[in-house]
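Chain residues, written in single-letter form:
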Amino acid sequence: MVSVIIPSYNHEKYLKHRIDSVLNQTYQNFELIILDDKSKDNSKKIIEVYGDNPKVSHIVYNEINSGTTFKQWKKGIELANGEYIWIAESDDYADVTFLEKTMSSIEKNNSILCFSQSYIIDEHDIIIRKKEEVLKSDSCDVSSFLTDLLLYGNVVYNASMVVFRKDAIDKSVWDKLSRLKYCGDWLFWATLAMNGKGTVSEVKEYLNYFRNHSSNVSNRAEVNGLTFLEGFPISKMIAKKQGIKLDKKFREKWFNEWQHYRSFYQLSKKTNLKIFLLFLKREPIIAYYELKRLFLRLFK
């Protein structure tokens, strides 16, 4: 069975569409857990409509806002009876065949996590763009996934696109997640892959609709360089697990992979001076490479 967890917060505009897209799945061996994190809008009124649905096993309303979606993930997973978990974010939605096709891939490939491809949509359900496929083939072993993909960034960019094994969760990850604001999902997928055996698989179809708001925390974090600051320690953790030396070559390659972010340049601006100084203290070698690059550009 799959336990579908909808962590909801202030998404009344999208919530009915999201819940219906779960309940109408062609794969029906699931339970639905709805968690509301003290929404200030009419989300509770919408959720209450589904209270008597036989697929809904739990509805939980927080009396105080948790402050982080990962506390809601943890709560939902602790309530879950399923062998597999789908975190269905409340502002996204899915094709009705999402579970059928991801579970088929999981069974075929013995996957600890499986994801589909995603459309990026706006506030009005209009498709902005399509995300490219992540894996070159239908599946890969977890070691290759860590070394070739997760080492340099979070390729699993949206929780709603993923179904994963509950027993692959490293329980110690929740304490680590509490210290992160922007890269927690990257850390979560990395620990799943490091803790599980089997493969990672991808359904080569666009079955997930990932809503991109102009106010998204992830968007602001990228502009301000915060993912850059939090991301490198995760890469170091993966490298250590995979036996990769944290030498100059690794650091230079990691930094080059992140050139498409405006991170370090943004951090050096006055408005982000505190974050810039933090990064300079934590990762002086990376700071050296970037300052050198900027220096050479100025005097080219």
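Residues numbered from 1 in each chain as written. Predicted model: local features only at pLDDT ≥ 70, side-chain atom pairs only at ≥ 80, totals over all residues. Heavy atoms only, no water.

Quick word on the overall build of the chain
Counting its regular elements, the chain contains 13 helices and 10 strands. Scored against the burial criterion, the 300 residues of the chain give a buried share of 51%. Sequence separation of at least 24 residues holds for 81% of the intrachain contacts in the chain that already meet a minimum separation of 6. Here the chain displays about 15000 Å² of accessible surface, and carbon together with sulfur accounts for 52% of that area. (Helix = DSSP H or I, 4+ residues; strand = E, 2+ residues; numbered from the N terminus. Buried < 20%, exposed > 50% of the residue type's maximum accessible area, 1.4 Å probe, protein only. Contact = heavy atoms within 4.5 Å. Areas by Shrake-Rupley, 256 points an atom, 1.4 Å probe, with all protein chains shown as cover.)

What about the nonpolar core?
In terms of nonpolar packing, the biggest core is built from 51 residues, with Phe115, Phe145, Phe164, Phe188 and Trp189 touching the most fellow members. Element by element, the count of residues in this core is highest for helix α7 (residues 184-195), at 8 residues. Apart from the residues within four sequence positions on either side, Phe188 is in contact with Trp73, Ile77, Phe164, Ile169, Val173, Trp174 and Leu177. Core analysis: the second largest hydrophobic core is formed by 26 residues, Val2, Val4, Ile106 and Val203 among them. (Core = buried A, V, L, I, M, F, W, Y, C linked by side-chain atoms within 4.5 Å.)

Some points on the pairing of strand β1 (residues 2-8)
Extensive coverage of β1 is indicated by the burial of 7 of its 7 residues. Burial along β1 is two-sided: Val2, Val4, Ile6 and Ser8 and Ser3, Ile5 and Pro7, pointing in opposite directions, are all buried. Here β1 runs beside strand β2 (residues 30-36); their pairing, made up of 7 bridges, is parallel. The residue bridging Ser3 from the neighbouring strand is Glu31, located in β2. (Pairing = 2+ DSSP bridges.)

A word on the environment of Ala239
With respect to the element layout, Ala239 can be found in helix α9 (residues 226-241). On the accessibility criterion, Ala239 (0% relative accessible area) is buried. A C-alpha to C-alpha distance of 7.5 Å links Ala239 and Thr147, two positions 92 residues apart in sequence. Apart from the residues within four sequence positions on either side, Ala239 is in contact with Leu151, Ile244, Leu246 and Phe250.

A short note on the packing of aromatic side chains
The tally for this structure, following the rule as stated, stands at 15 aromatic pairs. Here the aromatic rings of Tyr152 and Phe250 are separated by 6.1 Å at their centres, their planes lie at 35°, and the arrangement is tilted. Of this pair, Tyr152 sits in the loop between α5 (142-148) and β9 (162-165) while Phe250 is found in helix α10 (residues 248-257), placing the two residues 98 residues apart along the sequence. Neither Tyr152 nor Phe250 differs from the other in exposure class; each is buried. Among the aromatic residues, those joined into a cluster by ring pairs are Phe70, Trp73, Phe164, Trp174, Phe188 and Trp189. Looking at Lys44, its charged tip hangs above the ring of Tyr61, at a distance of 4.8 Å from the centre. (Phe/Tyr/Trp six-rings, centres within 6.5 Å; stacked < 30°, edge-to-face > 60°. Lys NZ or Arg CZ within 6 Å of the ring centre and 35° of its normal.)

Remarks on the side chain of Arg211
Locating Arg211 in the fold gives a position in strand β10 (residues 199-211). Its relative accessible area of 2% is what places Arg211 among the buried residues.

Considerations on the side chain of Asp37
With respect to the secondary-structure elements, Asp37 resides in the loop between β2 and α2 (43-48). Although Asp37 is buried, it forms no salt bridge, and the closest oppositely charged side chain is Lys75 at an N-O distance of 6.4 Å. There is a polar contact of 2.7 Å between the side chain of Asp37 and the side chain of Asn62. Once residues lying within four places of it in the same chain are set aside, the contact partners of Asp37 are Ser8, Tyr9, Asn62, Ile64, Asn65, Ser66, Gly67, Thr68 and Gln72. (Lys, Arg positive; Asp, Glu negative; His and termini not counted. Salt bridge = Lys/Arg side-chain N within 4 Å of Asp/Glu carboxyl O. Polar contact = N/O pair within 3.5 Å; in protein donor to acceptor, adjacent residues only side chain to side chain.)

Some details on helix α1 (residues 12-23)
Across its 12 residues, α1 extends 17 Å between first and last C-alpha, which sits within 8% of the 16 Å expected from 1.5 Å per residue. Listing the buried residues of α1 in full gives Tyr14, Leu15, Arg18, Ile19, Ser21, Val22 and Leu23. Contact partners of the buried residues in α1: β1, β2, α2, β4 (84-87), β5 (93-94) and β10. (Expected span 1.5 Å × (residues − 1).)

Things to note about the confidence of the model for the chain
For the chain, per-residue confidence averages 86 on the pLDDT scale, and residues scoring 70 or more make up 80% of the total. Counting contacts from residues 260-271, a segment whose pLDDT is below 50, to residues more than four positions away or on other chains yields 23 contacts. (pLDDT = per-residue confidence, 0-100.)

What to know about the pattern of salt bridges
Taken as a whole, this structure holds 9 salt bridges when the rule is applied. For Glu78, the salt bridge goes to Lys74, with nearest N and O atoms at 2.6 Å. Pair noted here: Glu78 and Lys74 are both in helix α3 (residues 69-79), with a separation of 4 residues, about one helical turn. Between Arg165 and Asp167 there is a salt bridge; the shortest N-O distance is 2.7 Å. Sharing partners across several salt bridges, the network here consists of Glu83, Arg165 and Asp167.

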